[in-house]
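# Architecture and fold: a report
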Amino acid sequence: MQTLSHPALQPVVNTRPLGALEESLARASLRRVEAKEFLFAEGDPTTHIFRVETGAIALYKILADGRRQVVGFAYPGDLIGLGAQGEHLMNAQAIKPTRLRCLPITILHHAAAKDPAFGFRLYEALAGELAATRDLMLTTGLRSATERLVSFLLAFSRRSERHGHTPLEFELPMTRADIGDFLGLTIETVSRTFTKLKTLRLIELPHSNRVKIVDIDELENLADGEDHQG
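Attention in this report is confined to the structure presented alongside it. It should be emphasised that the depicted structure is a prediction, and the values quoted were computed from it without experimental measurement.

## Structural notes on the side chain of Arg101
Relative to the helices and strands, Arg101 resides in strand β7 (residues 91–104). Salt bridges are absent for the buried Arg101, whose nearest opposite-charge side chain, Glu53, sits at 4.3 Å. At 2.7 Å, the side chain of Arg101 forms a polar contact with the backbone oxygen of Ala28. Apart from the residues lying within four places of it in its own chain, the contact partners of Arg101 are Leu25, Ala26, Ala28, Ser29, Leu30, Ile49, Phe50, Arg51 and Glu53.

## As for the sheet that holds strand β8 (residues 169–171)
Taken in spatial order, the three strands of this open sheet run β8-β10-β9, and their pairing is antiparallel. Of all the strands in the sheet, the pair left with one neighbour each is β8 and β9 (203–207). Taking the axes of each pair of neighbouring strands and ignoring which way they run, one obtains an average angle of 25° across the sheet. Note that β8 and strand β10 (residues 210–213) share three bridges and pair antiparallel. Within β10, the residue paired with Glu171 across the bridge is Arg210. Each of β8 and β10 is contacted by helix α4 (residues 145–162), which is oriented at about 100° to β8, the strand it contacts most.

## Brief notes about the environment of Phe38
Summarising the element assignment, Phe38 is placed in strand β3 (residues 38–40). Note on Phe38: relative accessible area 37%, which makes it partly exposed. Considered as a pair, Phe38 and Asn91 are 53 residues apart in the sequence and their alpha carbons are 7.4 Å apart. Not counting residues within four places of it along the chain, the set of residues in contact with Phe38 comprises Arg31, Val33, Tyr60, Asn91, Ala92 and Gln93.

## Points about the packing of helix α5 (residues 176–183) against helix α6 (residues 187–199)
Between α5 and α6, whose axes approach to 8 Å, the crossing angle comes to 105°. Accordingly, the angle class assigned to the pair α5 and α6 is roughly perpendicular. Together, Arg176, Ala177, Ile179 and Gly180 of α5 and Ile187, Val190, Ser191 and Phe194 of α6 make up the contact between the two elements.

## Thoughts on the packing of aromatic side chains
In this structure the tally under the stated criterion is nine aromatic pairs. Taking 5.5 Å as the distance between ring centres and 75° as the angle between the ring planes, the aromatic pair formed by Tyr75 and Phe156 counts as edge-to-face. Here the residue Tyr75 occupies a position in the loop between β5 (68–74) and β6 (78–80), and Phe156 occupies one in helix α4, the gap between them amounting to 81 residues. Across the pair, exposure class does not vary: Tyr75 and Phe156 are buried alike. Site record: aromatic cluster; members linked through ring pairs are Phe73, Tyr75, Phe152, Phe156, Phe170 and Phe182. The ring of Tyr60 has Arg68 lying over it, and the distance from NZ or CZ to the ring centre is 5.1 Å. Between the NZ or CZ atom of Arg176 and the centre of the ring of Phe194, over which it lies, the distance is 3.9 Å.

Rules behind the numbers
Residues numbered from 1 in each chain as written. Predicted model: local features only at pLDDT ≥ 70, side-chain atom pairs only at ≥ 80, totals over all residues. Heavy atoms only, no water. Helix = DSSP H or I, 4+ residues; strand = E, 2+ residues; numbered from the N terminus. Buried < 20%, exposed > 50% of the residue type's maximum accessible area, 1.4 Å probe, protein only. Lys, Arg positive; Asp, Glu negative; His and termini not counted. Salt bridge = Lys/Arg side-chain N within 4 Å of Asp/Glu carboxyl O. Polar contact = N/O pair within 3.5 Å; in protein donor to acceptor, adjacent residues only side chain to side chain. Contact = heavy atoms within 4.5 Å. Pairing = 2+ DSSP bridges. Axes fitted to C-alpha atoms, helices over the stretch in contact; angles between N-to-C directions. Parallel < 35°, antiparallel > 145°, perpendicular 65-115°, else oblique. Phe/Tyr/Trp six-rings, centres within 6.5 Å; stacked < 30°, edge-to-face > 60°. Lys NZ or Arg CZ within 6 Å of the ring centre and 35° of its normal.

Structure follows, in structure tokens:
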């Protein structure tokens with residue numbers, strides 16, 4: 001299983017690695033993948049873990065009926081592939097030009113043996129994966145399209161704040177189709193819901209992938225299933 005992290009609901013470990021792992025990553029080779037290029041595919045042998053330096057990666061599975069289910073996104077600072085054993089269980093595809101550090105699994109195992117504190121961090125990260133899986137199920141379960149998209153935008157707002165930026169304006173690196181495949185919605189529904197939030201004057205869209213939150217309190221009410229007032 002790939003590693004997951006909420007609130008952005010991405011199948012990655014969103015943490016700042018310390019000690020032996022950080023030293024190993026600093027020496028790891030760099031790889032560049034272009035937009036739509038695969039980092040790895042489902043069934044590929046697991047040989048490395050990856051840390052995103054710039055850009056963004058979508059992780060997804062192809063369902064039996066041919067539909068794509070995006071299970072998360074990886075952003076700068078995130079680790080990909082940490083929980084995979086033997087072979088990757090999903091596809092990793094760049095959604096914009098992306099640079100990654102590539103650390104061989106053998107070095108990861110050596111780092112864990114050398115640094116006991118790091119081994120505990122791995123345990124914490126994988127425990128977080130289970131919690132994020134539950135969050136993803138709640139986000140795409142019985143919620144309406146509006147509740148799903150609002151929760152998604154609020155997750156980006158919190159992520160922006162954690163990284164020292166304003167929580168009220170941020171760039172979405174993925175397409176409307178990517179968002180739909182993540183939230184279990186059609187691209188038409190995603191577009192209509194963005195327009196609805198804009199019409200309600202809860203958000204502004206300076207351009208298609210940039211979101212400005214106008215009323216974060218009301219968005220939080222919507223995410224909790226409360227009707228918009230006014």
